[in-house]
Amino acid sequence: HSGQVVFDYDKKTLSVVVQKDNRDSQSQITDPKLLSGGERSYVTLSLLISLGECIECPFRVMDEFDVFMDAVSRKKALETLIETGKKYAHRQFIFITPQDISSVTPSPMVKIHRMRPPGRLNGQQTLEEAMA
């Protein structure tokens, strides 16, 4: 994927053009509603990373950034976020996700804090337990 942001200062609008592959202009998407949920999440994340490079902020927090992404997009998104975090080591990055992050290797620059699953009250079941 690649893309661009188009600013129309006269109309005070911002539009996003997403190139889904390198084949031709037929694969350009200008209406975000035509993207799948995962593609929208990935495009939004890409836009936020790009904007973050222009904004001086000591920390960045991304909550459920990988919602609706498939496993391949999620892995690429995590790699990109970690790479960006290492590039801007003078800033603190916090990524919150309920998804599997077993592909992420902790290091001196990458800390992982896992929360325990929420407690169940009065015999509540998870969806998996209820379906069994």
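Summary of the structure given here. (Residues numbered from 1 in each chain as written. Predicted model: local features only at pLDDT ≥ 70, side-chain atom pairs only at ≥ 80, totals over all residues. Heavy atoms only, no water.)

Within this model, the largest pocket holds a volume of roughly 900 Å³. Lining the largest pocket are 25 residues; nearest its centre among them are Phe93, Phe95, Lys111, Ile112 and His113. In terms of residue class, the lining of the largest pocket is built from 16 nonpolar, five polar and four charged. Considering the residues around the second largest pocket, the lining is formed by 13 residues, among which Ser2, Gly3, Gln4, Val43 and Ser46 are closest to the centre. For the lining of the second largest pocket, the secondary-structure elements that each account for two or more residues are β1 (2-8), β2 (13-19) and α1 (37-52). (1 Å grid on protein atoms, 1.4 Å probe; cavity = no way out; pocket = protein on both sides within 12 Å on 5 of 7 lines; lining within 4 Å. Points joined across faces, edges and corners; volume = space filled by probe spheres on them. Nonpolar A, V, L, I, M, F, W, Y, C, P; charged D, E, K, R; others polar. Helix = DSSP H or I, 4+ residues; strand = E, 2+ residues; numbered from the N terminus.)

A word on α1. In this model α1 runs 22 Å from its N-terminal to its C-terminal C-alpha over 16 residues, within 8% of the 22 Å that 1.5 Å per residue would give. Taken together, the buried residues of α1 touch β2, β4 (59-63) and α2 (71-87). (Expected span 1.5 Å × (residues − 1). Contact = heavy atoms within 4.5 Å.)

The next subject is a nonpolar patch on the surface. On the surface, Val5, Phe7, Tyr9 and Leu14 cluster together to form a nonpolar patch covering roughly 440 Å² of accessible area. Looking at the element boundaries, Tyr9 is found in the loop between β1 and β2. With relative accessibility at 67%, the residue Tyr9 sits in the exposed group. (Patch = residues over 30% accessible without salt bridge, like charges linked within 9 Å, V, L, I, M, F, W, Y side chains within 5 Å. Areas by Shrake-Rupley, 256 points an atom, 1.4 Å probe, with all protein chains shown as cover. Salt bridge = Lys/Arg side-chain N within 4 Å of Asp/Glu carboxyl O. Buried < 20%, exposed > 50% of the residue type's maximum accessible area, 1.4 Å probe, protein only.)

Take the pairing of β1 next. Bridge count between β1 and β2: seven bridges; the pairing is antiparallel. The partner of Ser2 across the bridge, within β2, is Gln19. The turn linking β1 back onto β2 is made up of four residues, and Lys12 within it adopts a positive phi angle of 55°. (Pairing = 2+ DSSP bridges.)

This part covers the packing of aromatic side chains. Across all of its chains, the model carries three aromatic pairs by this definition. Ring geometry for Phe7 against Tyr9: centres 6.0 Å apart, planes inclined by 20°, an arrangement best described as stacked. Accessibility expressed as a relative area gives 47% for Phe7, which makes it partly exposed. Through pairs of rings, three or more aromatic residues link up here, namely Phe65, Phe93 and Phe95. (Phe/Tyr/Trp six-rings, centres within 6.5 Å; stacked < 30°, edge-to-face > 60°.)

Between its first and last C-alpha atoms α2 spans 24 Å; for 17 residues at 1.5 Å apiece the expected length is 24 Å, and the two agree. Those residues of α2 that sit buried are Arg74, Ala77, Leu78, Leu81, Ile82, Thr84 and Gly85. Viewed along the axis of α2, the buried residues span an arc of 160°, placing them on a single side of the element. Along α2, the residues that are exposed and aim more than 90 degrees away from the buried face are Val72, Glu83 and Lys87. Buried residues along α2 sit against α1, β4 and β5 (92-96). Its side-chain oxygen at 3.2 Å from the backbone nitrogen of Val72, Asp70 defines the N-terminal cap of α2. (Arc of directions from axis to C-beta. Polar contact = N/O pair within 3.5 Å; in protein donor to acceptor, adjacent residues only side chain to side chain.)

Without other data, these values stay purely geometric and don't point to any function.
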